[in-house]
There are 2 protein chains.
Amino acid sequence: MNLRINGRIWLEADDRFFGVGRMELLEHIQQTGSINQAAKAMKMSYKRAWDLVQSMNTQAATPLVSTQTGGEKGGGAIVTEEGLKYLDHFRGLQERFLAFLEQETRQLPD
Amino acid sequence: MNLRINGRIWLEADDRFFGVGRMELLEHIQQTGSINQAAKAMKMSYKRAWDLVQSMNTQAATPLVSTQTGGEKGGGAIVTEEGLKYLDHFRGLQERFLAFLEQETRQLPD
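Since the structure is predicted, the reported quantities are computational estimates derived from the model, not experimental observations.

Conventions adopted
Residues numbered from 1 in each chain as written. Chains lettered and ligands numbered in written order. Predicted model: local features only at pLDDT ≥ 70, side-chain atom pairs only at ≥ 80, totals over all residues. Heavy atoms only, no water. Least-squares fit on C-alpha atoms with pLDDT ≥ 70 in both. Contact = heavy atoms within 4.5 Å. Buried area = accessible area lost by both parts, 1.4 Å probe. Salt bridge = Lys/Arg side-chain N within 4 Å of Asp/Glu carboxyl O. Helix = DSSP H or I, 4+ residues; strand = E, 2+ residues; numbered from the N terminus. Buried < 20%, exposed > 50% of the residue type's maximum accessible area, 1.4 Å probe, protein only. Core = buried A, V, L, I, M, F, W, Y, C linked by side-chain atoms within 4.5 Å.

Student: Would you take a moment to explain the relation of the copies chain A and chain B for this structure?
Tutor: For the pair of chain copies, the relating operation is a rotation around an axis with a shift along it. When chain A is fitted to chain B, the residual RMSD is 0.0 Å, and the transformation amounts to a turn of 180° plus an axial shift of 0.0 Å. Seen this way, the second copy is the image of the first under a two-fold rotation axis. The rotation axis passes nearest to the C-alpha of Arg8 of chain A in chain A, at a distance of 2.8 Å. A symmetric contact is evident, with 100% of the interface residues of chain A recurring at the interface of chain B.

Student: Help me out: how do you make sense of the interface of chain A and chain B in this one?
Tutor: Accessible area lost on assembly of the parts is the figure often given for the size of an interface. Contacts between the two partners involve 29 residues from chain A, matched on the other side by 29 residues from chain B. Three residues, Met1, Glu12 and Phe100 of chain A, lead the burial of chain A against chain B; their summed loss comes to 20% of the area buried on that side. On inspection of chain A and its partner chain B, the count reaches four salt bridges. One salt bridge in this structure joins Arg4 of chain B and Glu12 of chain A, with 3.0 Å as the shortest N-O distance.

Student: Honestly, the pattern of salt bridges in this entry has me stumped. Any pointers?
Tutor: Between side chains of opposite charge, a pair can form when the charged atoms approach closely. Residues and elements named next belong to chain A. Under the definition given, this model contains twelve salt bridges over all chains. A salt bridge links Lys85 to Glu82, with the nearest nitrogen and oxygen atoms 3.4 Å apart. You can see Lys85 and its partner Glu82 sitting in helix α4 (residues 81-106), three residues apart, about one turn around the helix. Notably, a salt bridge pairs Asp88 with Arg91, separated by 3.3 Å at the nearest N-O pair. Residue Asp88 and its partner Arg91 are located together in helix α4, separated by three residues, close to a single helical turn. Judged by relative accessible area, Asp88 falls into the partly exposed class, the value being 49%. Note on Arg91: relative accessible area 30%, which makes it partly exposed. Residues joined in a network through salt bridges with shared partners are Glu27, Asp88 and Arg91.

Student: Hey, could you run me through the nonpolar core in this one?
Tutor: The nonpolar side chains of a soluble globular protein tend to be buried, and buried together. With 66 residues, the main nonpolar core has Leu11, Phe18 and Ile29 of chain A together with Leu11, Phe18 and Ile29 of chain B as its most contacted residues. In contact with Leu11 of chain A, not counting residues within four places along its chain, are Arg16, Phe17, Phe18, Tyr86, Phe90 and Leu93 of chain A together with Leu3, Arg4, Ile5 and Leu108 of chain B.

Set out below in structure tokens:
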């Protein structure tokens, strides 16, 4: 048996606020400037991506994603400073969690 | 927003092998000497509890739960030494994980 430890972590208040999926979604919004393109990159419906953004935006004191409607490109989305703050922090947290899992996997009984 | 970090960890090989639910199931089997009573204590069907036990027993080199059929009490179940080994290790691992979550929760950005 080639045993390893796996797991997931997330930030929550009353509801789930931030996790690996939302981290990846923000990364794609940052790269594409569009919730629609970010959703496509994650093979997720636009509605699902929009709901995730709304969940973060309504829970946080300041929105994590800012959306513009209209204009030549038909609107766009940017990750705000508040969004970058959580993105950066969660990346570090996830790295420390993976290090914890690796270290603990090495200490598993035979 | 009263933010905290939550999460789950588990041991896996090809399939899931051991996690919080299985830890609690083994604890109840240890206390009651019966898969049926352990299932009831966890408000779980007997089939579900039996399947979880079978999943652990067939993946491990040595069974984690030993069952006896027949006899005055109509059979029973005990947690083997192998089972106790994983139970003890996972308890410690889960404690260290909860400590990790607490420490990281204290370091969350405002």
